[in-house]
Amino acid sequence: MSQLAIYDSLTGGKRQFVPLKAGQVGMYVCGMTVYDYCHIGHARVMVAFDMAVRWLAQLGYEVNYVRNITDIDDKIIARASENGEDISTLTQRFIEAMHEDASALGCQMPDAEPRATDHIDEMQQMIETLVTGDYAYAGDNGDVYYAVDNFEGYGKLSKRNLDDMQAGSRVDVENDKRSPFDFVLWKAAKPDEPQWQSPWGQGRPGWHIECSAMSTKCLGSTFDIHGGGHDLQFPHHENEIAQSEAATGCEYARNWMHVGFINVDGEKMSKSLGNFFTIRDVMAKFHPETVRFFLLSSHYRSQVNFSDSALDEAHNSLSRLYNALKLAEQLKGQSLRVDDQIIEDAYSSVAGQAFIQAMNDDFNSSTAISVLFGLARDINKAVKAEDVDSAWKLAEQLKALSQVLNILQQPVQQFLQAVVGDKADSGLADAAIDALIVERADAKTNKNFARADEIREQLKDAGIELEDSRAGTTWRRA
């Protein structure tokens, strides 16, 4: 069997994954700053690392998945002030919303979800270590800064040369900074802002130190995988490396995974362009599993173009896979169920080996999904040939292999007949559709084919597609 290889952003290439401790994986992913609802870019990070965790578990690893929550930040303070809302109330509301969105997308909860405000002591301890080691210094303004010039490896993740950056920089040097690229570890308190006592006076932590302190607390000085969105590579992850390795003297993370950007209709998503979509915006129009399938249909490192037409195409593709399962169930006359033995047999099949090879190639869910479509085509052929045993065995493989991606796990008709978004305004409830199908069957029995065709067209105009088979007529929402 092929071995898992992961693309490491730091080394710039794929390499065989070897965990620090045999059979165990420590993974830290930078989570959300909870001042608003999560957007579709957050969804991609959620789904990508959920998929990675599920595959690692399938390979037999015991995974400790940590994803932090930033619950103190300039944006949080500003939003709470705008709303006239207590900060803790604001952050708790959006944490709960984040959990709802992640659950709807089929994502498992992380094993740990540390909040920044619960780890102020660890942050202060790390800052003190950096100050003592001459990697940080206190300014006269009460802020504490990291001295990037004193860390020899600065820029190794983002492949940026500090001298070149300084030569081309237009960044104004603050009076208390030694270098324009020094960054704040501790911010002096401002009136009416949350603050904590520290050796440098009242204040609150900077953003970058949060992840260094929390990841070290949860996973140790060195851990297996650090992940996040591509936009975090610089400066956030670069600064994490500088802080953590200077403080501990150890390699920080052994593998760096970065999820690609999402563009909207070919442009970078941003509020200023008016093309910014929350997860809730998208799930109001599309089935959550369609959104998950769309995100998994591209390799996690690639850029993805988001549009309504792309989601429509994803829904149609996912429906084709569900329809293949439906045909097998109709031919067999029972519903599919998978157990551990069926899953083991599925991975031992030719399709299963191809699926493993794809997923072990840097979690290539896109290629793995193409294996699923190959199975669906074979199911359709077996159904057409009325080969019950072959169709059923292939359907079991399709459902079993899809489990690790957490797709195709709903009852077939539940997905195909789900009402989402504007389809809810079609005016046709399930009972009304079923009644029209009965009327159509009666019309055909009475040789009133004109009425039967009229009913089919009426349902089609309402977004309902009929599928006739020997077992009867079923329907789905197009």
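Above: the structure in question.
Throughout, residues of each chain are indexed from 1 in the direction in which the sequence is written. In keeping with the model being predicted, local features are shown solely for residues with a pLDDT of at least 70 and side-chain atom pairs are shown and tallied solely at 80 or more, while totals for entire chains, interfaces and linings include all residues. Side-chain calculation: all heavy atoms of the structure are included, whereas hydrogens and water are not.

A. Quick look at the overall build of the chain. Helix and strand labels come from DSSP, where a helix needs a run of H or I of at least four residues and a strand needs a run of E of at least two; each type is numbered from the N terminus. When you go through the chain residue by residue, the secondary structure sums to 17 helices and 15 strands. If one aligns the C-alpha atoms of the chain with their principal axes, the spans along those axes are about 90 × 55 × 40 Å. Every one of the 478 residues in the chain was classed for burial, and the buried ones make up 53%. Of all intrachain contacts in the chain linking residues separated by at least 6 positions in sequence, the fraction that spans at least 24 positions is 75%. Computed with a 1.4 Å probe, the accessible areas rest on the Shrake-Rupley method; for each residue, only the protein chains presented here act as cover. As displayed, the chain offers around 21,400 Å² of accessible surface, 46% of which is attributable to carbon and sulfur atoms. Each charge sign in the chain was given a centre, from 46 positive and 71 negative side chains, and these centres are 7 Å apart. For the exposure calls, accessible area comes from a 1.4 Å probe over protein chains only, and a residue counts as buried if that area is under 20% of its type's maximum, exposed if over 50%, partly exposed in between. In this analysis, two residues are considered to be in contact whenever any of their non-hydrogen atoms come within 4.5 Å of each other. When charges are counted, neither His nor the chain ends are considered; positive counts come from Lys and Arg and negative counts from Asp and Glu. Every charge is mapped to an atom, namely NZ of Lys, CZ of Arg, CG of Asp or CD of Glu.

B. Molecular detail of a negative patch on the surface. Excluding any residue in a salt bridge, patches collect residues exceeding 30% relative accessible area, merging like charges within 9 Å and nonpolar Val, Leu, Ile, Met, Phe, Trp and Tyr side chains within 5 Å. Salt bridge, as used here: a side-chain nitrogen of Lys or Arg that lies within 4 Å of a carboxyl oxygen of Asp or Glu. Where like charges cluster on the molecular surface, the negative patch consists of Asp339, Asp340, Glu344 and Asp345. Inspection of the secondary structure assignment puts aspartate 339 in the loop between α10 (308-332) and α11 (340-348). Judged by its relative accessible area of 42%, aspartate 339 falls in the partly exposed class.

C. Inspection of unusual backbone geometry at higher detail. For the peptide bond that leads from phenylalanine 234 to proline 235, omega is 5 degrees, which places it in the cis range. Among the structural elements, proline 235 can be located in helix α7 (residues 233-248). In this structure, phenylalanine 363 is a non-glycine residue whose phi angle is positive, near 55 degrees. Tracing the backbone through its elements, the reader meets phenylalanine 363 in the loop between α12 (350-360) and α13 (365-384).

D. Structural detail: the sheet that holds strand β10 (residues 253-259). One bridge is not enough; two strands pair if DSSP finds at least two bridges between them. A sheet is described by the order of its strands in space; here four strands give the open sequence β4-β3-β9-β10, paired in parallel fashion. Both edges of this open sheet fall to β4 (62-67) and β10, since each of them pairs with a single strand only. The sheet shows a mean angle of 20 degrees between the axes of neighbouring strands, taken without regard to direction. Where strand β9 (residues 223-229) and β10 come together, six bridges link them in parallel fashion. Bridge pairing in β10 links histidine 226 to tryptophan 256. Axis definition: a line fit to C-alpha positions, over the contact stretch in the case of helices; interaxial angles, taken between N-to-C directions, run 0 to 180 degrees.

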